[in-house]
Amino acid sequence: MTGHNLLTDTPELYELRFPDPGFIAARWAESVLRGYRAGPDVLDLGCGTGRDAGWLHRAAGRTVTGLDVSEAMIRYARVHHPGPDYRVGDMRTFHLPGRFDAVLCLDSALLYCHTNEDLDALFGRLRRRLRPGGLLVAEMRNGAFFLGRTELLDAPRTDSVTHDGVTRTSHTVLRIDHAAQLLRRTRTWTGDDGSPPVEQHSAWRLLFPQELRHLLAAHGFTVLDLYDRPGPRTEPPWTEGDRPADTAAEDRLHLVARLEGPPRTDSRAGRGR
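Described in the following lines is the structure provided in the data block. From a predicted model like this one, the values you see are computed outputs, not experimental measurements.

**What to know about the sheet that holds strand β6 (residues 157-163)**
Taken together, the four strands give an open sheet; going across it, the order is β6-β7-β8-β9, and neighbouring strands pair in antiparallel fashion. On the outer flanks of this sheet lie β6 and β9 (198-205), each paired with one strand and no other. Each strand axis lies, on average, 25° off the axis of its neighbour in the sheet, ignoring direction. One ladder, built from eight bridges, connects strand β8 (residues 182-191) with β9; its direction is antiparallel.

Written out as structure tokens, the structure is:
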């Protein structure tokens, strides 16, 4: 059968499948915010379970708003990672009061904007919600990695996790949709409780470093840093004090951009929104 996203619909299972007991993702984000002297007001787009937003509020003392399209994730975040102001909303169309000093977009959340129109809508929205000089900090898959490299496509991945006494096994296959410039994922879940298999489909936009620079510049952003490692999901993972590598060829891409001014007048990006 085909169903909704089992991990998104079951936040407890998500945190078991992708544990981060040391809050590496949140600590990496805070190191970037601190390094670029970002103000205290932060918007976490695609905040998921609230694990990162909660840590930034609790440990770093920031005022955090978390936004996610999943109602289940937001309900879980309010209970298990309290402190931030959690809202349900789409990153392309959200409406929030006030402005922010920084926006976080971690774990490839930005890449759920599949089309150029989606990306224009997102960056246009961020331009309106960031204060002048505000930061965009993002962490995502790197489209450039797939130029001539196929190891992630050739090796389907199998993982298991136990939740509420049931061991669930996922079998994940990735393929590139070249025409749409998407990395498509098919994930099939089976459980040892006799439940029928669940097949799920999702996709990420594959963005290349120079393409990303161009899109951001069109919306008035200046890229301050763009590199592949280290980060919270690289091997080895980021640790406090690590310096960025001067490359952008590996599987992950880390972005720091600053809102400098109005969008370029010769671009159609964001018009009418």
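This is not the end of the story, as more comes after the structure.
**What to know about the side chain of S31**
Mapped onto the elements, S31 comes out in helix α3 (residues 24-35). The buried category is assigned to S31, whose relative accessible area is 17%. A polar contact of 2.6 Å, which involves the side chain of S31, links it to the backbone oxygen of W28. Sequence-distant contacts of S31, defined by excluding residues within four places in its chain, comprise W238 and E240.

**Let's talk about the pairing of strand β7 (residues 166-177)**
Note: β6 against β7, seven bridges, orientation antiparallel. Looking across to β7, one finds that T158 is bridged to H171. Counting the residues in the hairpin turn of β6 and β7 gives two residues, including D164, whose phi is positive at 55°. Taken together, the ten bridges between β7 and β8 define a ladder with antiparallel strand orientation. Within the sheet, the bridge partner assigned to R175 lies in β8 and is R184.

Cut-offs applied
- Residues numbered from 1 in each chain as written.
- Predicted model: local features only at pLDDT ≥ 70, side-chain atom pairs only at ≥ 80, totals over all residues.
- Heavy atoms only, no water.
- Pairing = 2+ DSSP bridges.
- Helix = DSSP H or I, 4+ residues; strand = E, 2+ residues; numbered from the N terminus.
- Axes fitted to C-alpha atoms, helices over the stretch in contact; angles between N-to-C directions.
- Buried < 20%, exposed > 50% of the residue type's maximum accessible area, 1.4 Å probe, protein only.
- Polar contact = N/O pair within 3.5 Å; in protein donor to acceptor, adjacent residues only side chain to side chain.
- Contact = heavy atoms within 4.5 Å.

Read these as layout, nothing more, since geometry by itself doesn't imply function.
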